[in-house]
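Residue-level structural notes
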Amino acid sequence: MNLVIENLSKRYPNGVQALRDVTLTVGPGMFGLLGPNGAGKSTLMRTLATLQDPDTGSVRLGDIDLLRDKPAVRQLLGYLPQEFGVYPKVKAIDLLDHLGRLKGLADRALRKETVEALLRRTNLWEARNRALGTFSGGMKQRFGIAQALIGDPRLLIVDEPTAGLDPEERVRFHDLLSEISESVIVLLSTHIVSDVSDLCSRMAIMHQGELRLVQQPSEAIAGLRGRLWERTVEKAEVAQLGESLSLISTRLVAGRTRVRVLAESAPAPGFVTAEPELEDVYFAVRRGADIRSRAA
Ligand code: ADP
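Bear in mind that the values here come from a model prediction, so they are computed numbers and not experimental data. (Residues numbered from 1 in each chain as written. Predicted model: local features only at pLDDT ≥ 70, side-chain atom pairs only at ≥ 80, totals over all residues. Heavy atoms only, no water.)

Residues of helix α3 (residues 92–102) that are buried: Ala92, Ile93, Leu95, Leu96 and Gly100. Looking straight down α3, one finds its buried side chains confined to an arc of 165°; they lie on one side. Packing partners of the buried residues in α3 comprise α4 (108–121) and α5 (137–149). (Buried < 20%, exposed > 50% of the residue type's maximum accessible area, 1.4 Å probe, protein only. Helix = DSSP H or I, 4+ residues; strand = E, 2+ residues; numbered from the N terminus. Arc of directions from axis to C-beta. Contact = heavy atoms within 4.5 Å.)

We now examine the packing of aromatic side chains. Scanning the model with the defined rule gives one aromatic pair in all. Sitting over the ring of Trp125, Arg120 keeps its end group 3.9 Å from the ring centre. Between Arg128 and the ring centre of Trp125, over which it is positioned, the NZ or CZ distance is 3.8 Å. (Phe/Tyr/Trp six-rings, centres within 6.5 Å; stacked < 30°, edge-to-face > 60°. Lys NZ or Arg CZ within 6 Å of the ring centre and 35° of its normal.)

What follows concerns unusual backbone geometry. The backbone phi angle of Asn123 is positive, close to 60°, even though this residue is not glycine. Mapped onto the secondary structure, Asn123 falls in the loop between α4 and α5. On the basis of relative accessibility, which here comes to 49%, the residue Asn123 falls in the partly exposed class. Positioned with a positive phi, Gln208 is a non-glycine residue whose angle comes to about 50°. Along the polypeptide, Gln208 turns up in the loop between β9 (202–207) and β10 (210–215). For Gln208, a relative accessible area of 48% translates into the label partly exposed.

Pairing between sheet strands relies on hydrogen bonds along the backbone, with the strands arranged either parallel or antiparallel. Spatial strand order, β12-β13-β11-β14: four strands in an open sheet with antiparallel pairing. The open sheet is flanked by β12 (247–253) and β14 (272–273), the only strands paired with a single partner. Pairing of strand β11 (residues 228–233) with β14, which is carried by two bridges, proceeds in the antiparallel orientation. Note that in β14 the partner of Trp229 across the bridge is Thr273. (Pairing = 2+ DSSP bridges.)

Moving on to the domain arrangement of the chain. Along its sequence, the chain is organised into domain 1 (3–215) and domain 2 (221–294). The distance between the C-alpha centroids of domain 1 and domain 2 comes to 34 Å. Contact residues are listed per partner, giving 14 residues for domain 1 and eight residues for domain 2. Approximately 950 Å² of surface area, both sides summed, lies buried where domain 1 meets domain 2, with 75% of it carried by carbon and sulfur atoms. Taken as a group, Val193, Ile205 and Leu213 account for 41% of the area that domain 1 buries against domain 2, more than any other trio of residues on that side. In this structure, the connection of domain 1 to domain 2 is made through zero salt bridges. The tally of links between domain 1 and domain 2 comes to zero residue pairs in polar contact (both at pLDDT 80 or more). For the side of domain 1 that touches domain 2, the elements supplying multiple residues, two or more each, are α7 (193–199), β9 and β10. Of the residues forming the side of domain 1 that touches domain 2, the biggest block, four residues, is contributed by β10. Residues of the side of domain 1 that touches domain 2, tallied by class, amount to eight nonpolar, five polar and one charged. (Domains from an automatic or database assignment. Buried area = accessible area lost by both parts, 1.4 Å probe. Salt bridge = Lys/Arg side-chain N within 4 Å of Asp/Glu carboxyl O. Polar contact = N/O pair within 3.5 Å; in protein donor to acceptor, adjacent residues only side chain to side chain. Nonpolar A, V, L, I, M, F, W, Y, C, P; charged D, E, K, R; others polar.)

A word on the packing of α3 against α4. Viewed as axis vectors pointing N to C, α3 and α4 meet at an angle of 130°, and their least axial separation amounts to 10 Å. Taken together, the axis directions place α3 and α4 in an arrangement best described as oblique. The two elements α3 and α4 meet at a crossing, and its hand is right-handed. Across the interface between the two elements, Ile93, Leu96, Asp97, Gly100 and Arg101 from α3 touch Arg111, Val115, Leu118 and Leu119 from α4. The residue makeup of the contact of α3 with α4, split by class, is five nonpolar, one polar and three charged. (Axes fitted to C-alpha atoms, helices over the stretch in contact; angles between N-to-C directions. Parallel < 35°, antiparallel > 145°, perpendicular 65-115°, else oblique. Left-handed = near helix turned anticlockwise from the far one by under 90°.)

Encoded structure:
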């Protein structure tokens, strides 16, 4: 089953153009949607989760018209929103049972079995009788995945799941996502580059409502090889370099400033070629560089 998005556009009443002609086909597996805050990721995720309508465009999930036949889509959909509110006084197991009932799991024994399996799968079994208000950020997000997996969805939408998690919780959350079956389309929206480099075999970079790049992360990185140059400079030199060169990033390394530049040959004395990472791809695309011009 594929998710086929065509020419989706959305302008909010305040004039913000949140989606500009978004066209994308996503098959099973983990797909990363990477972009800075305000890029339009949540707007796209909410549209695909059938919670809001675009102005124009179409979306199909398999044979289903996603924008018209919302009840049919919701049967196949799991969604972890960016702001996942929980009832702080309710026990994890009770809320999951309740959400299971809302999702149409009417049979009590089957629901109990499903809920218990999900609590084990998300590593929350020991905490099942704790009130959700006592959960850490990471536990809440794992609970969010448990509720999204009720009903065995074919499309799982996860919006900014690791923002605010500490490194250990992020690793646990990544492990959980990577265990989700290969037959599920998982759309992961994030502004954190390592979420995508750790998990996703395909990705899109979104900026100002547009998809600027749709590619495998490894291919995108390969496209920068031999064209990325770096040099360590004094902080005062950065502005001057930025005037003449296409700076991709400036980063402090051990108290000195390391600049990375995109250029077809050595841009200035002292620059050496650098091994590109996904972060360089992300910064280059955000700065409007056409990084695919020489991609293998
Ligand atoms: P992201 O998830 O990438 O941070 P969003 O989809 O939340 O991006 O937002 C895209 C743009 O649309 C932003 O400029 C945001 O301020 C604006 N926006 C989002 N939701 C609304 C809304 N309900 N009304 C008006 N503007 C909105």
